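One-letter residues, chain by chain:
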Amino acid sequence: MNFSWLLETDSKSLRSVNGSRRNSGSSLVSSSSASSNLSHLEEDTWILWGRIVNEWEDVRKKKEKQLKELVRKGIPHHFRAIVWQLLCSAQNLPIKDQYSELLKMTSPCEKLIRRDIARTYPEHEFFKEKDSLGQEVLFNVMKAYSLVDREVGYCQGSAFIVGLLLMQMPEEEAFCVFVKLMQEYRLRELFKPSMAELGLCMYQFECMIQEQLPELHMHFQAQSFHTSMYASSWFLTIFLTSFPLPVATRIFDIFMCEGLEIVFRVGLAILQMNQAELIQLDMEGMLQYFQKVIPHQLDSGPDKVIQVAYQVKYNAKKMKKLEKEYTTIKTKEMEEQVEIKRLRTENRLLKQRIDTLEKESASLADRLIQGQVTRAQEAEENYLVKRELATVKQQSEEASAQLEQAQSTIRQLQQQQQQPAKGNPRYSEEFILQLERELVQARLKEAESQCALKEMQDKILDMEKRNTSLPDESNVVRLQEELIGVKLREAEALTGLKELRQQVRNLEEHWQRHLARTAGRWKDSPRKNAASELQDELMSVRLREAEAQAELRETRQRMLELETQNQIHSNQLRRAEQEARSLQERVQILTSQNKVLHAEMKEMKRKQAEIECKNKEEVMAVRLREADNMAAMAELQQQISELEIQKEEGRVQGQLNNTDSSQYIRDLKDQIAELEHEIRCLKGQRGLPNQTNFDGIHIVNHYGADDESCQSSDEEGMKLLSHLSARPGTGRITLHPQLEDSDSEGDEDGEGLRLTVPSNSSHKTTTV
């Protein structure tokens, strides 16, 4: 590649490089002394990188591809510090000003950092001595970052990256670069306590091996050689703990420029270069091979590995797809873990429930045993009562027999008394009195036996009631067996106690005999006296031991009795709790029934309100219909009035003649009858009385057969109508015709008009 665009030698570039190195604070040699020892090619590289550093912004934007090629060939040692800072944009971070303040604070991770400091680059001159400058600055940077990012804090492996940075630059600049690496190069996700990003990297790397090196992948699977066993340190330390430091530094150059992609490439290149040897080894052999053989293969330099690494196929889109697959798998695993946790919780609850049920079963068994014991006691009492009852019955029968015998004797004596007395009468009277006294005593005994019999019957009824509360008869056999077992244990305990007491008595007898034998031991020699004292002491010990065993047996027996009482009380308490629970359940049932009744009552009230609303609507509709009927009736009455007025007007005006007037009147009467019929129908619908009261003038027409009288009557009626109509306050004139059937000539019956004019107090009737 042609880099002539950068190979312009000017002193300005060299001066800018020297100024940059002085600002970085690293211990670099000056440009003049370095150039005297460098070859011509190194001089060109020096000038080239100086120009790149001087024109970094333009080079990063316009010549990024050429810059990557230069980084892959290696950054010169003297430019590495400034170029790393430029690559990760860590020159002017605000956090750099806080570094001195962070060092004054206390971190919770200080003990862990101190413990791992000595294990970081133990063979490097800068870090190998204890409490050296290198260890101190390494501790400072790790402590400062643990305070900045408390979620990550401190993680093993990060110290190797910080140590490499400190080999190139001062601690403040190394701290800034490390912060940038953690935030923007995925290292923070790698070093989190969950290490989720490391698991993702292992999954992606294993998929790449499966795709590009299938035989090696199958061998790893067959040997159960997992990817994390050899590759986890590659990603956590960027090969700093696996490869020689110069090789790892070259790879770190590319990592600063391209990110974690170089780790995947280099890792796959190493496996590809050693595939044939790894397939021949087992799991332990492969572990040894990765730890001892592979690092020495790179002593000659990293160029071959980097060249093979960039021949490896790496697809960024496929890596994104693998990341999604891994996220899905982890999500399912988390769901399964949640489900497993839930099942474990349910299992624990079920175990607790089983324990509770076992305890309840034991309590029920205790209650059953107690019921069996109680039932056995009741059976014994029942048997005794029955025996007493049989005895009382026998006594009652005997008393009854004696009573009958006495009564028969009295009857015989009475018969003898009725016959003539041949013997001594006084003797017979005394004998009768004695028999009467015996009769009284027999009756008293009978009454006592009856009372005793009644008491026994009451006891039997009481015991039958008590028996109903005991367990059913299906459990009686088992209860009796357990009762027998309890009595056997009690008998054994009593037998053992008797044996102990017998042993105590035997020992006491031996002791008394021993005392009798040793009564004159003061005459014996001192040795015999000492032996006797030892025997006495031995006998005393045996006596105390026997007494202690007896007390122990008695204590155990007492303890058994107390346990039995405790079980009885526990059963009583349990029964009380069950009764309380049943009462609570009953209260809950009554509460629920009360709620249901309240709901039904509310529903009935709602239905009643609806019915009342419907009734009100129906009443309003009926009233509206009544109002309509009244209006229709008023209209019909008005029509009747108008027709009657027309009839009278026609009669007054002389429009009626002898023949036509009667026909006209008949027509009018027919119309009036029809209208009155309609009025009666309307009244019948409303339930009103048929008679209608009209306020005003009531005119009754009487039609006669005499034509002259009709004419005169018509004239007088018209005069009267005109007179009444002229009077004020007469109101509306209402005509009520009363029509009678007559022949066409009208000879027989006379007809006329009766006018009733209402006044303030009475009615006047005028007949025309």
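Residues numbered from 1 in each chain as written. Predicted model: local features only at pLDDT ≥ 70, side-chain atom pairs only at ≥ 80, totals over all residues. Heavy atoms only, no water.

What follows is about the overall build of the protein chain. Per the secondary structure count, the protein chain includes 26 helices and four strands. Classification of the 768 residues of the protein chain by burial places 35% in the buried group. In the protein chain, of all internal contacts separated by at least 6 residues, the share reaching a separation of at least 24 is 79%. In the structure as shown, the protein chain presents an accessible area of about 49,600 Å², 50% of it carried by carbon and sulfur atoms. (Helix = DSSP H or I, 4+ residues; strand = E, 2+ residues; numbered from the N terminus. Buried < 20%, exposed > 50% of the residue type's maximum accessible area, 1.4 Å probe, protein only. Contact = heavy atoms within 4.5 Å. Areas by Shrake-Rupley, 256 points an atom, 1.4 Å probe, with all protein chains shown as cover.)

For the rest of this paragraph, the subject is the packing of aromatic side chains. Under the criterion given, the structure shown has 24 aromatic pairs. Taken together, the ring pairs in this structure connect Phe205, Phe220, Phe225, Tyr230, Trp234, Phe235, Phe239, Phe243, Phe264, Phe290 and Tyr314 into an aromatic cluster. Sitting over the ring of phenylalanine 139, arginine 114 keeps its end group 3.6 Å from the ring centre. (Phe/Tyr/Trp six-rings, centres within 6.5 Å; stacked < 30°, edge-to-face > 60°. Lys NZ or Arg CZ within 6 Å of the ring centre and 35° of its normal.)

A few words on helix α15 (residues 228–237). Here α15 has its buried residues at Tyr230, Ala231, Trp234, Phe235, Leu236 and Thr237. The first or second residue beyond α15 is isoleucine 238, which carries a positive phi of 55°.

Our focus in this paragraph is unusual backbone geometry. At serine 89, a residue that is not glycine, the phi angle is positive and equals roughly 60°. Along the chain, serine 89 falls in the loop between α6 (80–87) and α7 (99–104). You can call serine 89 partly exposed: its relative accessible area is 41%. Notably, arginine 186 is not glycine yet its phi reads approximately 70°, a positive angle. Tracing the backbone through its elements, the reader meets arginine 186 in the loop between α11 (171–184) and α12 (187–191). By relative accessible area, which is 31% here, arginine 186 ends up partly exposed.

Here we come to α6. Of all eight residues in α6, eight are buried, a share of seventy percent or more. The complete set of buried residues in α6 reads Arg80, Ala81, Ile82, Val83, Trp84, Gln85, Leu86 and Leu87. Phi for serine 89, located one or two positions after α6, is positive at around 60°.

A few words now on a negative patch on the surface. Negative charge collects at one region of the surface, where Glu508, Glu509, Glu547 and Glu551 lie side by side. Secondary structure elements with two or more residues in the negative patch: α23 (476–517) and α24 (526–652). Its place among the elements puts glutamate 509 in helix α23. (Patch = residues over 30% accessible without salt bridge, like charges linked within 9 Å, V, L, I, M, F, W, Y side chains within 5 Å. Salt bridge = Lys/Arg side-chain N within 4 Å of Asp/Glu carboxyl O. Lys, Arg positive; Asp, Glu negative; His and termini not counted. Charge placed at Lys NZ, Arg CZ, Asp CG, Glu CD.)

Quick look at the environment of leucine 389 now. In this fold, leucine 389 is placed in helix α21 (residues 316–418). Take leucine 389: its relative accessible area is 10%, and that puts it in the buried class. Separated by 65 residues in sequence, leucine 389 and lysine 454 place their C-alpha atoms 9.5 Å apart. Setting aside chain neighbours within four positions, we find leucine 389 in contact with Leu453, Met456 and Ile460.

This paragraph deals with the confidence of the model for the protein chain. A low pLDDT means the predicted coordinates there should not be read in detail. Averaged over every residue, the pLDDT of the protein chain is 75; the share at 70 or more is 73%. Low pLDDT, under 50, characterises residues 1–38; the stretch is placed with 48 contacts to residues that sit more than four places away or in other chains. Note on residues 420–427: pLDDT is under 50 here. Beyond four places in sequence and across chains, it has zero contacts. (pLDDT = per-residue confidence, 0-100.)

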